[in-house]
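# Descriptive structure summary
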Amino acid sequence: MALLEINNISKSFRKDRKLFKAVDNVSFTIEEGECLGLVGESGCGKSTTAAIIARLLKEDSGSIIFDGKEINTGLYLKPAGQGMQMIFQNPQDSFDPRDTLLEGVMQGAAAYKIYDKAELKDKAYELLDYVGLKRTYAGQKTSSLSGGECQRAAIARALICSPKLLICDEATSALDVLVQAQIVELLKKMKRETNMAMLFITHDIPLSAALCDRIAVMSEGKIAEIGDTQKILTNPDSEPTKNLIESVLPLTRKSKR
């Protein structure tokens with residue numbers, strides 16, 4: 001049985017007095033320990049899909065089964081929230097700027113009452129070490145951190161809840177190339193060392209290839225193609241996939257000169 005099963009999810013919004021279908025009958029699964037890349041151009045519906053899965057948005061139709069339970073009966077469900085964590089493109093926006101780094105990391109686990117007070121603090125320090133943040137940062141305000149440091153803190157905050165699924169919504173796109181590579185290496189380390197599944201959302205096909213077991217290509221609200229990463233990259237079937245790959249080929253060719 002899949003850890004996450006998305007069945008025929010659709011979502012529409014009103015735009016210029018017209019109904020715009022952002023997500024159109026989307027279905028896919030994620031197995032335990034698997035990393036699925038959800039890839040597509042800006043505006044294709046991938047972030048809306050992520051928000052629906054994380055219960056930040058309500059779908060118009062379809063079902064979501066997570067860890068054997070249907071979860072799309074409402075929003076902000078705590079049982080799904082603990083087992084399913086999300087990191088965002090701009091991590092600073094998801095922290096209270098008045099909190100210290102340590103308070104921000106402990107926030108989710110404190111809400112779910114996973115640990116007692118002493119255990120929670122010890123676990124937070126342990127995770128600062130794991131994600132590569134100095135313990136001396138613990139008393140600093142999250143608003144004083146760099147983008148890369150704040151994203152590491154966001155990953156620590158997600159991990160402290162011991163999730164079964166981590167949703168990464170364009171989690172590296174706001175970072176410079178060097179920091180982006182460091183965050184991807186951290187995610188790869190997590191993938192090797194835990195059985196946590198990931199949904200990695202990006203517009204960057206090469207980046208998804210470095211991390212994902214399978215790739216689902218999204219275009220105009222629909223899944224255009226889904227399959228093994230190598231197959232998608234070397235023998236794509238759909239035009240949206242071919243266009244995405246072709247868009248990075250000139251850069252690849254130029255770098256080899």
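Right, let's walk through the structure included here. Please read all numbers here as calculations on a predicted model, not as lab measurements.

Before going further, it helps to spend a moment on the sheet that holds strand β5 (residues 69-70). Strand order in this open sheet of four strands is β2-β1-β4-β5, and the pairing throughout is antiparallel. Each edge of the sheet is formed by a strand with only one pairing partner; in this case those strands are β2 (18-30) and β5. Strands in contact with helix α1 (residues 46-53) are β1 (4-15), β2 and β4 (61-66); relative to β1, the strand with the most contacts, it is inclined by about 120°.

Before going further, it helps to examine the state of the cysteines. Evaluated as defined, the whole model comprises zero disulfides. For Cys44, which is in no disulfide, the shortest distance to another cysteine sulfur is to Cys212 and amounts to 14 Å. Unpaired in terms of disulfides, Cys168 finds its nearest cysteine sulfur in Cys35, a separation of 7.2 Å.

Here we come to the environment of Lys123. Structurally, Lys123 is set in helix α4 (residues 117-130). We classify Lys123 as partly exposed; its relative accessible area is 22%. In contact with Lys123, not counting residues within four places along its chain, are Tyr115 and Ile160.

Hydrogen bonds between backbone atoms are what pair the strands of a sheet, whose relative direction is either parallel or antiparallel. The six strands lie next to each other as β6-β7-β8-β3-β9-β10, forming an open sheet whose pairing is mixed. The sheet is open, and its two edges are formed by β6 (84-87) and β10 (222-228), each paired on a single side. In this sheet, neighbouring strand axes are inclined to one another by 15° on average, regardless of whether the strands run parallel or antiparallel. Where β6 and strand β7 (residues 165-169) come together, four bridges link them in parallel fashion. Directly across from Met86, in β7, lies its bridge partner Ile167. Against the sheet, helix α6 (residues 177-193) contacts β3 (35-39), β7 and β8 (197-202), and its axis sits at roughly 155° relative to β8.

In this model helix α5 (residues 147-159) runs 18 Å from its N-terminal to its C-terminal C-alpha over 13 residues, within 8% of the 18 Å that 1.5 Å per residue would give. Burial runs high along α5: eleven of the 13 residues are buried. Along α5, the residues classified as buried are Gly148, Cys150, Gln151, Arg152, Ala153, Ala154, Ile155, Ala156, Arg157, Ala158 and Leu159. Tucked into the core, α5 has its buried residues touching β6, α3 (101-112), α4, β7 and α6.

Where α3 meets α5, the axes come as close as 7 Å, and the angle between the chain directions of the two elements is 35°. Crossing handedness for the pair α3 and α5: right-handed. Judged by residue contacts, Leu101, Gly104, Val105 and Gln107 of α3 engage Ala153, Ala156 and Arg157 from α5. Along the lines of polarity and charge, the residues of the contact of α3 with α5 split into four nonpolar, two polar and one charged.

With that out of the way, let us pick up the pattern of salt bridges. Following the criterion strictly, the structure yields 15 salt bridges and no others. Here Asp67 and Lys164 are joined by a salt bridge, their closest N and O atoms 2.8 Å apart. Taken together, the residues span a long stretch of sequence, with Asp67 in the loop between β4 and β5 and Lys164 in the loop between α5 and β7 at a distance of 97 residues. Between Arg135 and Asp129 there is a salt bridge, with its nearest N and O atoms 2.6 Å apart. Residue classification places Asp129 among the partly exposed residues on the basis of a relative accessible area of 43%.

What counts and what doesn't
Residues numbered from 1 in each chain as written. Predicted model: local features only at pLDDT ≥ 70, side-chain atom pairs only at ≥ 80, totals over all residues. Heavy atoms only, no water. Pairing = 2+ DSSP bridges. Helix = DSSP H or I, 4+ residues; strand = E, 2+ residues; numbered from the N terminus. Contact = heavy atoms within 4.5 Å. Axes fitted to C-alpha atoms, helices over the stretch in contact; angles between N-to-C directions. Disulfide = S-S within 2.5 Å. Buried < 20%, exposed > 50% of the residue type's maximum accessible area, 1.4 Å probe, protein only. Expected span 1.5 Å × (residues − 1). Left-handed = near helix turned anticlockwise from the far one by under 90°. Nonpolar A, V, L, I, M, F, W, Y, C, P; charged D, E, K, R; others polar. Salt bridge = Lys/Arg side-chain N within 4 Å of Asp/Glu carboxyl O.

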